[in-house]
Amino acid sequence: MYKCFCFALLCFIMIGAQGKNSGLELEKLLLRYFLEKSADKVETRVDKSEAYVLDKAFKEAVLNEHNKYRSRHGVGPLKYSETMAENAKKVAEHNAELGSLQHSDRKTRMDNGENLFMWFTGDKAFNPETAASDAVNAWYGESKKYDFNHSGFQSGTGHFTQLVWKATTELGCGYMEKETYGMYGIFVVCHYSPAGNMMGEYPENVLRPQQI
C-alpha cells in the first residue's frame, strides 16, 4: 500500500511539472500499474484458494481411508492433527527434493510413527483423493503378509501395523507433487500419535479383521 501511494504521488508531481500531454501519458501509466497490481492480487487469491481446496480434499480422503480400515479391525477412529500434518508436509517436501523415500528422525516427527509412500506416473492431473487412497491402500495391502497367529514384528508389514495400531489416536498427513526422473511424482507422508509398532505390544494392538 505504501509503495502504491509513493508511486501515485510521484506521478502527480511529474504531471504538474511536465504539462498536460505528459500528464495524460503518466495517467495511463498509473492506471496500468494499478490494474497489474489488482491482477496479481486476484491471481494470488486464486492460487491460495486452489491449494486450500486440494489440501482439504486430501485431508478428508486420507482420514476416511484410515478409519475405514481401522474399523475393519475393530479399533477406534483417528482424529486429525494439523500440527502433525505440517510436520508430515515438510517430510514429504524433503522426499520430493530427494526423489526418493527417507524416514525423518524421531525428533523431527516428535517421536510419532511415520508411513511413507511414493508413486510415479505420466499423468500430471493431480487428484488429492486418489493420492490419499493409493497411499493408504498400499499400506493396508501389507496385511496379506501378516501372520496373526504369530503377532509381532514381521518384515514388510510395518506400514499396515501402524495404520491399524489400536493405541494410536491421532493422524496428520502431508503430500508433495513434483516432476522427477522425467515422471510426475507423488509423495505422501503420514504421522501417527502415539507411535505404533512397539515391541511386545503387537498382540493387543494389531487385531484380526472383524469384517471384509
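Everything discussed here concerns the structure shown above.
Below is a summary of the structure that appears in this document.

Scoring rules and cut-offs
Residues numbered from 1 in each chain as written. Predicted model: local features only at pLDDT ≥ 70, side-chain atom pairs only at ≥ 80, totals over all residues. Heavy atoms only, no water. Helix = DSSP H or I, 4+ residues; strand = E, 2+ residues; numbered from the N terminus. Buried < 20%, exposed > 50% of the residue type's maximum accessible area, 1.4 Å probe, protein only. Contact = heavy atoms within 4.5 Å. Areas by Shrake-Rupley, 256 points an atom, 1.4 Å probe, with all protein chains shown as cover. Disulfide = S-S within 2.5 Å. Core = buried A, V, L, I, M, F, W, Y, C linked by side-chain atoms within 4.5 Å. Polar contact = N/O pair within 3.5 Å; in protein donor to acceptor, adjacent residues only side chain to side chain. Phe/Tyr/Trp six-rings, centres within 6.5 Å; stacked < 30°, edge-to-face > 60°. Lys NZ or Arg CZ within 6 Å of the ring centre and 35° of its normal. Expected span 1.5 Å × (residues − 1). Salt bridge = Lys/Arg side-chain N within 4 Å of Asp/Glu carboxyl O.

Another point: the overall build of the protein. Scanning the protein from N- to C-terminus turns up 6 helices and 4 strands. The linear arrangement of helices and strands in the protein, starting from the amino end, is α-α-β-α-β-α-α-β-β-α. Among the 212 residues that make up the protein, the fraction classed as buried is 39%. Within the protein, contacts between residues at least 6 apart in sequence are counted, and of these 72% link residues at least 24 apart. Working note: accessible area of the protein is about 12600 Å², and carbon and sulfur atoms make up 57% of it.

What follows is about the state of the cysteines. Under the definition given, this model contains 1 disulfide. The disulfide that involves C173 links it to C190, with 2.1 Å between the sulfurs. Here the S-S torsion is close to 110°, and the disulfide linking C173 with C190 is therefore right-handed. One end of the pair, C173, is in strand β3 (residues 170-180); the other, C190, is in strand β4 (residues 183-193), with 17 residues separating them in the sequence.

Moving on to the nonpolar core. General note: in soluble globular proteins, nonpolar side chains tend to be found buried as a group. If you look at the biggest cluster of nonpolar residues, it comprises 31 residues, and the most contacted ones within it are V62, W139, L171, V188 and V206. Secondary-structure elements contributing two or more residues to this core are α2 (20-72), α4 (128-140), α5 (158-164), β3 and β4. A per-element tally of this core places α4 first, with 6 residues. Setting aside residues up to four positions removed in sequence, V188 forms contacts with F58, N115, L116, F117, A131, A135, W139, G174 and Y175. By size, the runner-up hydrophobic cluster in this structure holds 5 residues, among which are A88, V91, L116 and V189.

With that out of the way, let us pick up the side chain of E142. Residue placement: E142 occurs in the loop between α4 and α5. A polar contact is formed between the side chain of E142 and the side chain of H159, at a distance of 2.6 Å. Setting aside residues no more than four positions away along its own chain, E142 makes contact with G156, T157, G158, H159 and F160.

A word on the packing of aromatic side chains. Any pair of aromatic rings gets described here by the distance separating the centres and the angle formed by the planes. One pass over the structure, following the stated rule, counts 8 aromatic pairs. Centroid distance F58 to Y175: 4.7 Å. Interplanar angle 55°. Geometry classified as tilted. Taken together, the positions of F58 in helix α2 and Y175 in strand β3 put the pair 117 residues apart, joining distant regions of the chain. The two residues F58 and Y175 agree in class, both being buried. The interplanar angle of 75° and the centroid separation of 5.5 Å between the aromatic rings of Y140 and F160 together place this pair among those described as edge-to-face. Taken together, the residues Y140 in helix α4 and F160 in helix α5 connect sequence positions 20 residues apart. Among the aromatic side chains, those forming a connected cluster through ring pairs are Y69, Y140, Y146, F148 and F160. The cationic tip of K89 hangs over the ring face of Y175; the distance from NZ or CZ to the ring centre is 4.6 Å.

The next subject is α4. It helps to recall that an α-helix has 3.6 residues per turn; residues three or four apart then point in one direction. A rise of 1.5 Å per residue sets the reference length of α4, with its 13 residues, at 18 Å; its end C-alpha atoms lie 18 Å apart and thus fit the reference within 8%. Taken residue by residue, α4 has P128, A131, A132, S133, A135, V136, W139 and Y140 as its buried positions. Near the N-terminus of α4, the side chain that reaches the backbone nitrogen of E129, with its oxygen 3.0 Å away, is that of N127.

Next up on the list: the pattern of salt bridges. A full pass over the atoms with the stated rule returns 6 salt bridges. Close ionic contact of K56 with E60 constitutes a salt bridge, the shortest N to O distance being 2.7 Å. Taken together, the residues K56 and E60, both in helix α2 and 4 residues apart, mark about one turn of the helix. Overall, E60 belongs to the partly exposed group, its relative accessible area being 39%. Taking the shortest distance from any N to any O, the salt bridge between E65 and K68 comes out at 3.1 Å.

In short, geometric facts, not functional conclusions.
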